[in-house]
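# Structural overview for review
Here is what each chain is made of, one letter per residue.
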Amino acid sequence: MSTELRFDAVVLGGGLLGCFVARHLTSYHLRCALVEAREDVCTGISRGNSAIVYTGCDNKPGTLKARLCTRANRNFGDLCAQLGVPFQRRGSLLVSYGPRGDEVVRRKYRQGQETGVEGLAILTGAQAQALEPGLAPGISSALLAPGTGVTDPWALCFAAYENAVANGCQAYLNAPVTALARAGSDWLVTAGAHTIRARAVVNCCGLNAHRVQELCAPPSIRVIPDRADYLVLDQPAGPFVRHVIFQEPEEKGKGLTLVPTADGKLLLGPSEQPGGEKADRAVTPEGLDFLRRGAARVVPNLDLGQTIRAFGATRPNPFYVRREGESWVAEDRGIHSFAIETPHPGLWSLIGIKTPGLTCADALGELLAGEAAAYLGKDTPNPAFNPCRTPPPRPRDMALPERRALVAAHPAYGRVICRCKDVTEGEILEAIRRGAVTLDGVKRRVGTGLGRCQGSWCTHRVLELLCRELGCSPWDVTQDGPGSPLLEGERHDL
Ligand SMILES: Cc1cc2nc3c(=O)[nH]c(=O)nc-3n(C[C@H](O)[C@H](O)[C@H](O)COP(=O)(O)OP(=O)(O)OC[C@H]3O[C@@H](n4cnc5c(N)ncnc54)[C@H](O)[C@@H]3O)c2cc1C
């Protein structure tokens, strides 16, 4: 029987939203915890997205989504400076090649004006082409949004998590929530081996958020996932476009998005593929085909031979549900804003938070933490709260004298392990110290295996370091958690 742990507030789920809610809870004078089902944070939806910091002009004016997005976009530079996370305000072009797209350009311009997005301008085709000569000729109009940015979603999630923990949030990993029940005015959360008692619970369980809420409330919104595919092109292709490009298609459906990423690559995607109940992270041939055909139309001179990786992501589409006989069916009405469910006092559920959830993670975290603190009557600020986090050292970004000094003090920062991305042993050891326990946990923190060779050179070295630091056997290390073993065969074969 586990001992009951007591907190004022507990956050369920360690994706972008959970980590930012936890970060903001620590800014109040209260005791909080975060529980995560997996061995690490940032393994869910937050793991695979487009990394775009949106301006808010895509969202219906007057909605919480539009308001938070516009505010979050303005504050994103300051947030990333506090947390030591990359951010570049590259601007975006929404390009149209016909009357249907032109109407969307005008609508998003009006929406943005109404919401207060700064600097929007409708450009002629010639003006857009002059800004982005790599785009196919024939652009009829384009919406320029100078405020659009790109960030590193992994770095952002880890930074929020580390900042929350540094400010006193207690984290429990490998702790899937399996029960959530009322106990007087408290909640009792069963999470892995732990029983946690808290007066406020914020459910940020991503694709599982509706299931967790249904542990204590009838269904209201459910997530029906679909799939998204991406192609990653190596750094020589990165400068092919300078802005984030959204192509608005003439036919119904999604156009192509091109994102020059914060680390200098080019991201194509996402596609939109049906996923059904069991959407997973495998790429779909249809989705990749859609991206390649889109690229041939929109950026015909882009060298797709620079593709170094394809990956799949999962969209958490939220739908209201109603009862029909014994089952619950999805209703055919859209959810235009963020769905924040409050089925009982002291319980908040963020269900199906799609784009721009990354942009708004900090703003949503602030909102939810504020509501929980007010509910608890503990909304006095924590005087010890420090919003800043010291990022890990990155020798490749340092000037030579600084790098020399670091290597002199810590020789592991002088040993390069990942040659494509210039990642050193010191960085990998620091990533493990900060919580990485899988190959992808290291990758997401320091970028090993993200370069042209995709880990052919460094995988076994990272594996060795993981085994040495964690004191485990190579058979116990996984690529990305349960069900992704790195080694096969009998243990004595090694
Ligand atoms: C394809 C795609 C592209 C996107 N692009 C952008 C973009 O460019 N810009 C933008 O602003 N937004 C974007 N978004 C949206 C953004 O990525 C999401 O809104 C955000 O990552 C959602 O984070 P989350 O914390 O809700 O979910 P997750 O990251 O999935 O976190 C949920 C966590 O809960 C844990 N969990 C699940 N069940 C349990 C349980 N029972 N007990 C304990 N823990 C549990 C999971 O393991 C997971 O770690 C995109 C989304 C998608 C899908």
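In the block above lies the structure referred to throughout.
Residues take numbers from 1 onward in each chain, read along the sequence in its written order. Where totals are concerned, whole chains, interfaces and linings use all residues; where local detail is concerned, this predicted model gives features only for residues with pLDDT of at least 70, and gives and counts side-chain atom pairs only at 80 or more. By convention in this description, side-chain values take in all heavy atoms of the structure and omit both hydrogens and water.

### Thoughts on the overall build of the chain
- Helix and strand counts for the chain stand at 12 helices and 23 strands.
- A principal-axis box enclosing the C-alpha atoms of the chain has dimensions of 70 × 60 × 50 Å.
- The cut-offs for exposure are 20% and 50% of the maximum accessible area for each residue type, with area from a 1.4 Å probe on protein chains only; residues under the lower value are buried, those over the upper are exposed, and the others partly exposed. When each of the 494 residues of the chain is scored for burial, the buried share is 55%.
- Contacts spanning at least 24 positions in sequence make up 72% of the contacts within the chain whose residues lie at least 6 apart.
- For the chain, the exposed area adds up to about 21,100 Å²; of that, 52% sits on carbon and sulfur atoms.
- In this tally, Lys and Arg are treated as positive and Asp and Glu as negative; His is ignored, and so are the chain termini. Taken as the charge centre is NZ of Lys, CZ of Arg, CG of Asp or CD of Glu, depending on the residue. Counting 56 positive and 52 negative side-chain charges, the chain places the averaged centre of each group 2 Å from the other. Working definition: helices are DSSP H or I runs of at least four residues, strands are E runs of at least two. Numbering for both runs from the N terminus. By definition in these notes, contact holds between two residues if any of their heavy atoms fall within 4.5 Å. Method for areas: the Shrake-Rupley scheme with a 1.4 Å probe, in which residue coverage is limited to the protein chains shown.

### Some remarks on the sheet that holds strand β3 (residues 52-53)
- Here three strands make up an open sheet; going across it, the order is β3-β8-β4 and the pairing antiparallel. Looking at strand neighbours, the two that pair on one side only are β3 and β4 (87-88), the edges of this open sheet.
- DSSP-based pairing: two strands are paired if at least 2 bridges between them are found. Bridge count for β3 against strand β8 (residues 149-151) is two bridges, and the pairing is antiparallel. Paired with I52 across the two strands is V150, which belongs to β8.

### Re the side chain of D440
- Secondary-structure assignment places D440 in helix α11 (residues 439-446).
- On the accessibility criterion, D440 (8% relative accessible area) is buried.

### Examining unusual backbone geometry
- P270 follows G269 through a cis peptide bond whose omega is 0°.
- Relative to the helices and strands, P270 is located in the loop between β16 (266-268) and β17 (273-274).
- Each neighbour pair has its own omega, and for T355 with P356 the value is 5°, a cis peptide bond.
- Structurally, the position occupied by P356 is in the loop between β21 (347-350) and α8 (357-376).
- Phi angles above zero are rare outside glycine, and N174 is one such case at about 50°.
- Summarising the element assignment, N174 is placed in the loop between β9 (170-172) and β10 (177-183).
- Even without a glycine there, the phi angle at D422 is positive, about 60°.
- Tracing the chain through its elements places D422 in the loop between β22 (416-418) and β23 (423-424).
- For D422, a relative accessible area of 32% corresponds to the partly exposed category.

### A look at the site of the ligand
- Here a residue is considered near a molecule or strand provided that any single heavy atom belonging to it is located within 4 Å of it. Lining the immediate environment of the ligand, one finds 37 residues, of which E36, I45, S46, I353 and T359 sit closest.
- Here a polar contact means two N or O atoms within 3.5 Å. Within protein one must be a hydrogen donor candidate and the other an acceptor candidate, and residues neighboring in sequence count only if both atoms are side-chain atoms. Between L358 and the ligand, the recorded distance is 3.2 Å, taken from a backbone N or O atom to an oxygen atom.
- The side chain of T359 places a nitrogen or oxygen atom 2.7 Å from an oxygen atom of the ligand.
- Breaking the shell around the ligand down by element, the ones donating at least two residues are α1 (16-25), β13 (221-233), β18 (307-324) and α8.
- Considered class by class, the residues forming the shell around the ligand number 19 nonpolar, 14 polar and four charged. Under the grouping applied here, Gly and all other residues not named as nonpolar or charged are polar, the nonpolar ones being Ala, Val, Leu, Ile, Met, Phe, Trp, Tyr, Cys and Pro and the charged ones Asp, Glu, Lys and Arg.

### Some remarks on the packing of helix α10 (residues 425-433) against α11
- Each axis is a line fitted through C-alpha atoms, and for a helix only the stretch in contact is used; angles between axes span 0 to 180 degrees, taken between their N-to-C directions. α11 packs onto α10 with a crossing angle of 115° between their chain directions and a minimal axis gap of 9 Å. Taken together, α10 and α11 sit at an angle that is classed as roughly perpendicular. Relative to α11, α10 is oriented so that their crossing is right-handed. From α10, E427, I428, A431 and I432 reach across to α11, where they touch V442, R445 and V446.
- Split into classes, the residues belonging to the contact of α10 with α11 amount to five nonpolar, no polar and two charged. Should an angle fall under 35 degrees it is taken as roughly parallel, and over 145 as roughly antiparallel, whereas 65 to 115 is taken as roughly perpendicular and any remaining angle as oblique. Each crossing gets its hand from how the near helix is turned against the far one by less than a right angle, where anticlockwise is left-handed and clockwise is right-handed.

### Describing the pattern of salt bridges
- Put simply, a salt bridge is a Lys or Arg side-chain nitrogen that is within 4 Å of an Asp or Glu carboxyl oxygen. All told, the structure shown has 32 salt bridges when counted by the stated rule.
- A salt bridge links D362 to R23, with the nearest nitrogen and oxygen atoms 3.0 Å apart. Of this pair, D362 sits in helix α8 while R23 sits in helix α1, placing them 339 residues apart in sequence.
- Here E248 makes a salt bridge to R100, at a shortest N to O gap of 3.6 Å.

### Looking at the packing of aromatic side chains
- Stacked, tilted and edge-to-face pairs are distinguished by plane angle, under 30 degrees for stacked and over 60 for edge-to-face with tilted covering the rest, among Phe, Tyr and Trp rings (Trp via its six-membered ring) whose centres lie within 6.5 Å. Summed over all chains, the structure comprises five aromatic pairs.
- On the basis of an interplanar angle of 25° and a centroid distance of 5.9 Å, the ring pair of Y54 and F246 is categorised as stacked. Taken together, the residues Y54 in the loop between β3 and α2 (64-83) and F246 in strand β14 (residues 244-248) connect sequence positions 192 residues apart. The same class applies to Y54 as to F246, namely buried.
- Their ring planes at 15° and their centres at 4.7 Å tell us that Y230 and F311 sit as a pair that is stacked. Of this pair, Y230 sits in strand β13 while F311 is found in strand β18, placing the two residues 81 residues apart along the sequence.
- You can call F311 buried: its relative accessible area is 17%.
- The positively charged end of R445 is found above the aromatic ring belonging to F158, 3.9 Å away from the centroid.
- Whether a charge sits over a ring depends on NZ of Lys or CZ of Arg being within 6 Å of the ring centre and within 35 degrees of the ring normal. We note R461 situated over the ring of W457; from NZ or CZ to the ring centre the distance is 4.3 Å.

Nothing here speaks to function; it is all geometry.
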